[in-house]
Structures are given as structure tokens and as C-alpha cells.
Amino acid sequence: MRELLNKKLNIFQQVRELEGWYAVAFSATLLERMLPNYVLFCEATEFADPAQYRNSLNAIWEWLAVPKAKINFVAQLEKVEDAVPDASDFDNYGVYPAIDMAMSLSATILLIQGEDPQGAVVVSKLSQGGVEAFIEASSEEAITDLEIKQHPLMQWEIETQQELLVFLSKCPKNAESCKQLKQLATAEGMSNIGIEI
């Protein structure tokens, strides 16, 4: 258990050290894995049009792939914040992964704008925390920290973030890297909490 805990802390430390393009690329890849949770929530509750979040994430990928792209992230942030569900308005569990996605998308845009230099750490923690909360919510009885850490979804989350950090340590800042990162995010055909894409 200690080893997995160390892995988790180690990941946050490594993410904290990411800068600029790499921090945004890390965040965008995790967002790609969280987006289906938001989409499913919107489809189930008719809360909002999930296409807006897809568009905002596409804008982030465009910023990464095309350095000279002119994107109004102030407007993007407003649109994201207009479509954040309020947990007290819904009685289904799906609202929580949807909120995680919304907060992560906001944090990434603030990171791009230079307003939250730790935006990637926020996304890393929200993605892992969302997996942890989902494991707890879908368990029949009380579940220990050790059982959470050994759960296949949590193992997969930690491995994905580690794999991402390794990839980013040696990839160039270009459109081809963005393509590979997107593939990495969607390779398993599932969101971070196991929802089919």
C-alpha cells in the first residue's frame, strides 16, 4: 500500500514540475478521459449541451498543436463556467464526475492564461479523486484505502498518469505529439471511471 501511496505523491510532485506546453498537454489528455463522464451526465439529465465542453477541449488541443492559433480563452472560460452543474440540484451520482470535469477544464484554461500555474496538479488530483469517489460509491459495503488503491480502475488511473509523464518527458511540442496523446487517452475506449466512450 505504501508503494502505491508513494506513487501517487510522486505523480503529483512530477506534475508540479511540468511547465507551459507540457503542463497543458498533460491536463488535456486527462480531460479527454474525463469528458465522457460529463457527456453521459448531460445526456441523462438534459442539463446542458455537452458539445460546449468538447469545443473548449478542442480549443485547448488547437492551442497545443498550432502555437499561433488565436483563441479567446476568456470567452471559453465563461462558457465552461456557465455549464457547471450544481450537486444540490441532482440526486444522481453522475453529477460529481461532471463537476470534476468542469473544474478540470476551468483549471486548464486558467493554466493557459497563466492565472493558475498549478492547474495540471489540480487536474491530476481531480481525476484520481474522481476515480476514488466512484470506487467508493459503487462498492456495496465500506471499502478500505488499501482496497481502493488495489482496485483495477485506480491502478489504471495511476499507470495512465505515469505513462503520460514518461511520454511528455521525451516528446516534442508539436501536432504529432498531440495526436499521440489523444490516442493514449482514448486507447482503452473508456473514461477514467470506466464509462464506455
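Here is what the cut-offs are and how they apply
- Residues numbered from 1 in each chain as written.
- Predicted model: local features only at pLDDT ≥ 70, side-chain atom pairs only at ≥ 80, totals over all residues.
- Heavy atoms only, no water.
- Helix = DSSP H or I, 4+ residues; strand = E, 2+ residues; numbered from the N terminus.
- Buried < 20%, exposed > 50% of the residue type's maximum accessible area, 1.4 Å probe, protein only.
- Polar contact = N/O pair within 3.5 Å; in protein donor to acceptor, adjacent residues only side chain to side chain.
- Contact = heavy atoms within 4.5 Å.
- Core = buried A, V, L, I, M, F, W, Y, C linked by side-chain atoms within 4.5 Å.

Visitor: Explain unusual backbone geometry here, please?
Guide: Where the residue is not glycine, phi is negative for most of them; where a peptide bond is considered, it is trans in most cases. Despite not being glycine, Glu46 shows a phi value in the positive range, around 55°. As for its position among the elements, Glu46 is in the loop between α2 (20-45) and α3 (51-65). Residue Glu46 is classed as exposed on the basis of its relative accessible area, which comes to 72%.

Visitor: Is there a simple way to explain the side chain of Ser191 in this structure?
Guide: Counting through the fold element by element, Ser191 comes out in the segment after α9 (175-186). Looking at Ser191, the relative accessible area reads 0%, which means it is buried. Within the structure, Ser191 has its side chain in polar contact with the side chain of Asn37 (distance 2.6 Å). In contact with Ser191, other than residues within four places in its own chain, are Arg33, Pro36, Asn37, Trp156 and Ile197.

Visitor: Is there a simple way to think about the nonpolar core in this case?
Guide: Nonpolar side chains tend toward joint burial in soluble globular proteins. In terms of nonpolar packing, the biggest core is built from 56 residues, with Val15, Phe26, Tyr53, Ile60, Leu64, Met101 and Leu168 touching the most fellow members. Of all elements in the fold, only α1 (2-17), α2, α3, α4 (73-82), α5 (95-112), α6 (119-137), α8 (152-168) and α9 reach the threshold of two or more residues within this core. Counting residues per element, this core draws most heavily on α2, which supplies 13 residues. For Leu168, the contacting residues outside a window of four places in its chain are Leu18, Trp21, Tyr22, Ala25, Phe26 and Leu181.

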